[in-house]
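# Reading the structure
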Amino acid sequence: MAKTTPATLALDKAKIAYELHSYDYDPDAPRVGLQAAESLGVSPDQVLKTLMALVDGKPVCAVLASDREVAMKKLAAAAGGKSAQMMKPADAERVTGYRVGGVSPFGQKRQVQTLIDQAALDHEKVFVNGGQRGLQVRLAPTDLLVALPAKVAILT
């Protein structure tokens, strides 16, 4: 498994401290984020998932705890739109440059509006996808705001 991805390069460029953690990715897991948390031996609310959505037809990245569901109306409102829907996997891969299951909010091919769920800031450290299936970066959630042009909102 490569330890250098566009995500880790973006974190290095932003001078963000992080730790890499690998785990056995299960493509058949019903909820990949929960499987990652179990494999890493941490609470699911500390493993953040990266979801790609469309708000009024424009791509948006939502980052929230793996044990929560995004509320589409809240996502739309936070992004300044009226309606939201999940992006099709092929479109998410095209926009981000990552394969589904390995989508990171860092180092995406095309920079899009990023929203982080308020609850993610409740932890000292969180895990976020490192840009590859089976690779997570552990960092302070406030560093998400430093490394990304992101906005905090209630998304769940």
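Before going into details, it helps to say that this report is about the structure given with it. Just so it is clear, the model here is predicted, and its values are computed rather than measured. (Residues numbered from 1 in each chain as written. Predicted model: local features only at pLDDT ≥ 70, side-chain atom pairs only at ≥ 80, totals over all residues. Heavy atoms only, no water.)

Now for the side chain of Thr 114. Looking at where Thr 114 falls in the secondary structure, it is placed in strand E5 (residues 113-117). Sequence-distant contacts of Thr 114, that is, excluding residues within four places in its chain, are made with Cys 61, Val 63, Leu 148, Pro 149, Ala 150 and Lys 151. (Helix = DSSP H or I, 4+ residues; strand = E, 2+ residues; numbered from the N terminus. Contact = heavy atoms within 4.5 Å.)

A few words now on the nonpolar core. In this structure, Leu 48, Met 52, Phe 106, Val 128, Leu 139 and Leu 144 are the most contacted members of the largest nonpolar core, which totals 23 residues. Looking at this core, the elements with two or more residues in it are helix H1 (6-13), strand E2 (47-55), strand E3 (58-65), helix H4 (89-96), strand E6 (126-132) and strand E7 (135-139). By residue number, the principal contributor to this core is E3, which donates 3 residues. For Leu 48, the residues in contact, after removing those within four places along its chain, are Val 63, Leu 64, Ala 65, Ser 66, Ala 120, Val 126, Phe 127, Val 128, Asn 129 and Leu 144. With 15 residues, the next largest nonpolar core counts Val 55, Val 60, Ala 79 and Ala 84 among its residues. (Core = buried A, V, L, I, M, F, W, Y, C linked by side-chain atoms within 4.5 Å. Buried < 20%, exposed > 50% of the residue type's maximum accessible area, 1.4 Å probe, protein only.)

The next point concerns the pairing of E6. For E6, the buried fraction is high: 6 of the 7 residues fall into the buried class. Where E2 lies against E6, 2 bridges are found, and the strand directions are parallel. Within the sheet, the bridge partner assigned to Leu 48 lies in E6 and is Val 128. Turn length for the E6-E7 hairpin, with the two strands adjacent in sequence and antiparallel, is 2 residues, and the turn residue Gly 134 shows positive phi of about 85°. (Pairing = 2+ DSSP bridges.)

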